[in-house]
Amino acid sequence: VQLQASGGGLVQAGGSMRLSCAASGRTFSDNYVMGWFRQAPGKEREFVASIRWAGYSTYYGDSVKGRFTISRDNAKNTMYLQMNSLKIEDTAAYYCAARVGYGFDTSPKNYDYFGQGTQVTVSS
């Protein structure tokens, strides 16, 4: 499985940005969960959001709840993260990930695949 994140860049506080994660290498089945993590310099990798490959169930970290929306397009094998009302503390490298299973796990150790990061920088 290969995951390719894109869409990062520089945005002002209060602005919006959409990240994409293109998946390839296999056809995802119902028992996959996709997720986004982020990591700021000197900090641990933090769970952002996750979504099941089948159905519409989603799960969000407390710091982004109500501002970020995770979605997917199965036909395109692509996952998205719409980020609104961005704050300076959202600045980080954002990583997409995938795991086999049905549960919404927030630990990066329990994800089987990670893509390379895409940098999001929020300025004042």
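Keep in mind it's a predicted model, so treat the numbers as computed, not measured. (Residues numbered from 1 in each chain as written. Predicted model: local features only at pLDDT ≥ 70, side-chain atom pairs only at ≥ 80, totals over all residues. Heavy atoms only, no water.)

### Here's the deal with the state of the cysteines
Linking two cysteines covalently via their sulfur atoms produces the bond known as a disulfide. Cut-off, in case you're wondering: What counts as a disulfide here is a pair of cysteine sulfur atoms lying within 2.5 Å. Where helices and strands are cited, they refer to DSSP runs of H or I of at least four residues and of E of at least two residues respectively, numbered from the N terminus. Relative accessible area decides the class of each residue, using a 1.4 Å probe on protein chains only: under 20% of the type maximum gives buried, over 50% gives exposed, and in between gives partly exposed.
Inspection of every chain in the model, using the stated rule, returns one disulfide. Covalently, C21 is tied to C96 through a disulfide, its sulfur atoms 2.3 Å apart. Around the S-S axis, the bridge from C21 to C96 shows a dihedral of about 70° and counts as right-handed. Here C21, found in strand β3 (residues 17–24), pairs with C96, found in strand β9 (residues 92–100); they are 75 residues apart in sequence, far enough to count as distant. Judged on exposure class, the residue C21 and its partner C96 are both buried.

### A short note on the side chain of T118
Under the convention used in this document: Polar contacts here mean pairs of N or O atoms no more than 3.5 Å apart (in protein, one a potential hydrogen donor and the other a potential acceptor; neighbouring residues in sequence count only if both atoms are side-chain atoms). Contacts between residues were defined by any pair of non-hydrogen atoms, one from each residue, lying within 4.5 Å.
Take T118: it is sitting in strand β11 (residues 118–123). A polar side-chain atom of T118 sits 3.1 Å from the main-chain amide nitrogen of G8. With sequence-adjacent residues up to four places away left out, T118 is seen in contact with A5, S6, G7, G8, L19, A92, A93 and Y94.

### Some thoughts on the nonpolar core
Put simply, the rule reads: Only buried Ala, Val, Leu, Ile, Met, Phe, Trp, Tyr and Cys residues count toward a nonpolar core, and they belong to the same one when joined by side-chain atoms within 4.5 Å.
Within the largest apolar cluster, 29 residues are counted, with the highest numbers of intra-cluster contacts made by W36, L81, M83 and Y94. Of all elements in the fold, only β1 (2–6), β3, β4 (32–39), β5 (46–52), β7 (68–73), β8 (78–83), β9 and β11 reach the threshold of two or more residues within this core. Once residues within four sequence positions are removed from consideration, M83 is found in contact with G15, S16, M17, L19, R67, F68, Y94 and V120. Among the nonpolar cores identified, the runner-up in size contains five residues, and F37, F47, A97 and Y111 belong to it.

So far we have only geometry, and geometry alone does not tell us how the molecule works.
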